[in-house]
Structures are given as structure tokens and as C-alpha cells.
Amino acid sequence: IEIIQRLVDEGAIVRAYDPAVSRAPFDGVEVTTDAYSACDGAAVAVVLTEWDEFKWLDLDKLAGCMATRNIVDARNILDRGALNRRGFDYTGIGRR
């Protein structure tokens, strides 16, 4: 929540998806019904939770819905190689 709040405070447009959340924790966040809706037209996708469904995202579908292919994986659950092969700029927090 702290990361999302900071993004909003800096003027970012934040669309979020979490299978356990049905409404925004504060103003300035739009909660969507699935990960692809959250990423539609996005410049950056940020993974902040470890839900299994994020591990199994259709990376081609994700690439097709984003404006630019940038991923920040704060939980290190995504396959960096698979993302790089699809043209994503991948940043894993705490990874070398």
C-alpha cells in the first residue's frame, strides 16, 4: 500500500488488481477485475504480491495490452528470460 500511495502522490495513474481486493484502499487508485485490465495501456506493470495467478500470466497477452513493455517484479516471481524474449524490460527487486 505504501508503494501505491507514493506513486499516486507523485502523480501516477494507478490501476491495480489483487484477487483479494475489491475496492481501492484510498482515492487515486482504480481497482480492476483482472491483471490484464490493470495493465491495459500501461507504461509499467509492477508486481507487489505473490499470488500464483501472477506466475502464470499469458505473457504474450500482457505484451499486447501494455503501451510499453516494462515490468518491475518486487516479489521475483516472474520468469525474467521469458519476459526478455518477449521484449520486456524486466527489473527484479533484489536481483542481480
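Before any of the text, the structure's been laid out above.
Everything numeric here is computed off the predicted structure, so don't read it as measured data.

### Describing the overall build of the chain
Then, in step 1: Helices and strands together make up the secondary structure of the chain, namely five helices and five strands.
Then, in step 2: Reading the secondary structure of the chain in the N-to-C direction produces α-β-β-α-β-α-α-β-α-β.
Then, in step 3: Computed over C-alpha atoms, the radius of gyration of the chain comes to 13 Å, within 12% of the 12 Å expected from 2.2 N^0.38 for 96 residues, which places it in the range of a compact globule.
Then, in step 4: Counting only C-alpha atoms and orienting by the principal axes, one finds that the chain spans roughly 35 × 25 × 25 Å.

### Concerning the layout of surface pockets
Then, in step 1: Estimated volume of the largest pocket: approximately 840 Å³.
Then, in step 2: Residue lining of the largest pocket: 31 residues in total, with Val14, Arg15, Ala16, Tyr17 and Val46 positioned closest to the centre.
Then, in step 3: Of all the elements in the fold, those that place two or more residues in the lining of the largest pocket are helix 1 (2–9), strand 1 (14–16), strand 2 (29–31), helix 2 (35–39) and strand 3 (45–47).
Then, in step 4: Looking at the lining of the largest pocket, its residues break down into 26 nonpolar, two polar and three charged.

### Thoughts on the pairing of strand 4 (residues 70–73)
Both faces of the sheet carry side chains from a regular strand, because those side chains alternate between them.
Then, in step 1: Residues Ile71 and Asp73 line the buried face of strand 4, whereas the alternating positions Asn70 and Val72 sit on a face that is not buried.
Then, in step 2: Relative to strand 4, strand 3 is paired through three bridges, and the arrangement is parallel. The residue bridging Val46 from the neighbouring strand is Val72, located in strand 4.
Then, in step 3: Between strand 4 and its parallel partner strand 5 (residues 89–92), the chain crosses via helix 5 (residues 80–85), and the hand of that crossover is right-handed.

### As for the sheet that holds strand 5
Then, in step 1: The parallel open sheet is built from three strands, whose spatial order is 3-4-5. With one partner strand each, in any of the chains shown, strand 3 and strand 5 form the two edges of the open sheet. Pairwise comparison of adjacent strand axes, ignoring direction, gives a mean angle of 15 degrees for this sheet.

### Comments concerning the nonpolar core
Then, in step 1: Ranked by size, the top nonpolar core spans 22 residues in total, and within it Leu57, Leu62, Met66, Ile71, Leu78, Leu83 and Phe88 carry the most contacts.
Then, in step 2: Of all elements in the fold, only helix 2, strand 3, helix 4 (59–65) and helix 5 reach the threshold of two or more residues within this core.
Then, in step 3: Excluding its chain neighbours within four sequence positions, the residues that come into contact with Ile71 are Ala45, Leu62, Leu78, Leu83, Phe88, Asp89, Tyr90 and Thr91.
Then, in step 4: The next biggest cluster of nonpolar side chains, apart from the first, holds six residues, and it includes Ile4, Val8, Ala16 and Val29.

### Section: the state of the cysteines
Then, in step 1: Applying the stated criterion to the full structure yields zero disulfides.
Then, in step 2: Of all cysteine sulfurs in the structure, the one in Cys65 sits closest to Cys39, which takes part in no disulfide; the separation is 5.4 Å.
Then, in step 3: With relative accessibility at 15%, the residue Cys65 sits in the buried group.

### Some remarks on the side chain of Asp73
Then, in step 1: For Asp73, the position within the fold is in strand 4.
Then, in step 2: Looking at Asp73, its side chain comes within polar contact range of the main-chain nitrogen of Leu78, at 2.8 Å.

Each value, and the rule that gives it
- Positions within a chain are numbered from 1, following the residues in the order the chain's sequence is written.
- In keeping with the model being predicted, local features are shown solely for residues with a pLDDT of at least 70 and side-chain atom pairs are shown and tallied solely at 80 or more, while totals for entire chains, interfaces and linings include all residues.
- With hydrogens and water set aside, each side-chain value is computed from the structure's full complement of heavy atoms.
- Runs of E in the DSSP output that reach at least two residues are strands. Runs of H or I that reach at least four are helices, and both are numbered from the N terminus.
- Here the globule rule is a power law, 2.2 Å times the number of residues to the power 0.38, and the radius of gyration is based on C-alpha atoms.
- Here a cavity is any set of points on a 1 Å grid over the protein atoms alone where a 1.4 Å probe fits but cannot get out, and a pocket is any open set with protein on both sides within 12 Å along at least 5 of 7 lines; a residue lines the site when it has an atom within 4 Å of a point.
- Grid points are joined across faces, edges and corners, and a volume is the space filled by probe spheres set on the points.
- Each residue gets one label: Ala, Val, Leu, Ile, Met, Phe, Trp, Tyr, Cys and Pro are nonpolar, Asp, Glu, Lys and Arg are charged, and the others, such as Gly, are polar.
- Partly exposed residues are those whose accessible area sits between 20% and 50% of the maximum for their type, while under 20% is buried and over 50% is exposed, using a 1.4 Å probe and protein chains only.
- A pair of strands is labelled paired if DSSP reports no fewer than 2 bridges between them.
- With the strands aimed away from the viewer, a crossover counts as right-handed if its path from the first strand over the helix to the second runs clockwise.
- Only the stretch in contact is used when a helix axis is fitted, and all axes are lines through C-alpha atoms; the angle between N-to-C directions ranges over 0 to 180 degrees.
- In this text, buried Ala, Val, Leu, Ile, Met, Phe, Trp, Tyr and Cys residues form a nonpolar core when linked through side-chain atoms within 4.5 Å.
- Only heavy atoms enter the contact rule, under which two residues are in contact if any of them lie within 4.5 Å.
- The term disulfide is used for any two cysteine sulfur atoms that are within 2.5 Å.
- Counting of polar contacts relies on pairs of N or O atoms within 3.5 Å, with two restrictions inside protein: one atom must be capable of donating a hydrogen and the other of accepting it, and residues adjacent in sequence are counted only when both atoms are side-chain atoms.

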